[in-house]
Amino acid sequence: MKRVTGLGGIFFKSQDPKALAEWYRVHLGLQVEDWGGVAFRWADDSPTGTTIWSPFKADSNYFAPSTAPFMINFRVADLKALMAALRSEGCQVADEISDSEFGKFAWVMDPEGHKLELWEPPAGR
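Every value quoted in this text rests on a predicted model; they were computed, and no experiment measured them.

Visitor: Help me understand the overall build of the chain, please; the structure alone is not making it clear to me.
Guide: Assigned secondary structure in the chain consists of three helices and five strands. Reading the chain from its N end, one meets helices and strands in the order α-α-β-α-β-β-β-β. When the 125 residues of the chain are sorted by exposure, 30% land in the buried category. For the chain, contacts bridging at least 24 residues in sequence account for 54% of all contacts bridging at least 6. About 9100 Å² of surface is accessible on the chain, with carbon and sulfur atoms providing 53% of the total.

Visitor: Can you walk me through the nonpolar core in this structure?
Guide: Soluble, globular proteins show a tendency: their nonpolar side chains are buried together. Tyr-24, Leu-28, Phe-74, Leu-86, Val-108, Leu-116 and Leu-118 are the most contacted members of the largest nonpolar core, which totals 18 residues. Listing elements by their share of this core, those giving two or more residues are α1 (17-28), β1 (72-75), α3 (79-88), β4 (103-109) and β5 (115-120). Ignoring sequence-local partners within four residues, the contact set of Leu-86 consists of His-27, Leu-28, Cys-91, Val-93, Val-108 and Leu-118. Counting five residues, the second largest nonpolar core, distinct from the first, contains Phe-63, Met-71, Phe-105 and Trp-107.

Visitor: Quick question: what am I supposed to make of α3 here?
Guide: Helical geometry: 3.6 residues make up each α-helical turn, so side chains three or four residues apart lie on a common side. When we look at burial in α3, the residues that qualify are Leu-79, Leu-82, Met-83 and Leu-86. Projected onto a plane normal to the axis of α3, the buried residues spread over an arc of 100 degrees and lie on a single side. Residues Lys-80 and Ser-88 are exposed on α3 and point more than 90 degrees away from its buried face. Packed against the buried residues of α3 are α1, β2 (92-93), β4 and β5. Immediately downstream of α3, the backbone of Gly-90 shows phi near 85 degrees, a positive value.

Visitor: Would you mind showing me how to read α1 here?
Guide: With twelve residues, α1 extends 16 Å from end C-alpha to end C-alpha; this agrees with the ideal 16 Å at 1.5 Å per step. Where the residues of α1 are buried, they touch β1, α3, β4 and β5.

Visitor: In this structure, what is going on with the environment of Glu-33? I would like to understand it.
Guide: Considering the arrangement of structural elements, one finds Glu-33 in the loop between α1 and α2 (42-45). You can call Glu-33 partly exposed: its relative accessible area is 32%. Between the C-alpha atoms of Glu-33 and Ala-21, which are twelve residues apart in sequence, the distance is 9.6 Å. The residues touching Glu-33, leaving out its near neighbours within four places in the chain, are Ala-39 and Arg-41. Engagement of the side chain of Glu-33 in a polar contact is seen with the side chain of Trp-35, the distance being 2.9 Å.

Visitor: Which parts of the structure should I look at to understand unusual backbone geometry?
Guide: Across residues other than glycine, the phi torsion is negative in most instances, and most of the peptide bonds are trans. In this structure, Pro-65 follows Ala-64 across a cis peptide bond, with omega equal to 15 degrees. Assignment of secondary structure puts Pro-65 in the loop between α2 and β1.

Visitor: Would you explain the side chain of His-114 in this entry?
Guide: You can see His-114 is positioned in the loop between β4 and β5. Within polar-contact distance, the side chain of His-114 engages the side chain of Asp-110 at 2.8 Å. Leave out the neighbours within four places in its chain, and His-114 touches Phe-12, Lys-13, Ser-66, Ala-68, Phe-70, Val-108 and Met-109.

Thresholds, definitions, all that
Residues numbered from 1 in each chain as written. Predicted model: local features only at pLDDT ≥ 70, side-chain atom pairs only at ≥ 80, totals over all residues. Heavy atoms only, no water. Helix = DSSP H or I, 4+ residues; strand = E, 2+ residues; numbered from the N terminus. Buried < 20%, exposed > 50% of the residue type's maximum accessible area, 1.4 Å probe, protein only. Contact = heavy atoms within 4.5 Å. Areas by Shrake-Rupley, 256 points an atom, 1.4 Å probe, with all protein chains shown as cover. Core = buried A, V, L, I, M, F, W, Y, C linked by side-chain atoms within 4.5 Å. Arc of directions from axis to C-beta. Expected span 1.5 Å × (residues − 1). Polar contact = N/O pair within 3.5 Å; in protein donor to acceptor, adjacent residues only side chain to side chain.

Right, dumping it as structure tokens:
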């Protein structure tokens, strides 16, 4: 019997869900639907794409400076261009881009203090 086959969704509380959804639409290009959320259809975009679920230790500093108990990772096509756009739009972005065998990673804070990880996978993944 199959059990979990992928990440079904990320759900979290917000002080102003409509305003926060609008920020994600404007700055990250999420296609927010009338019901207030986004449905990612990986098979349409990249048949090799994956969504990762990974618990971190409670005392991990990886989510800092956010104090939220979660961080969302978004797959992106052109990390360098997106980071430049976010800076020009006045978003709070980290200065560094990390490059590893898993791809390139960078971080931005949303208006409510949630740290978001942006990921450009290596070519072919």
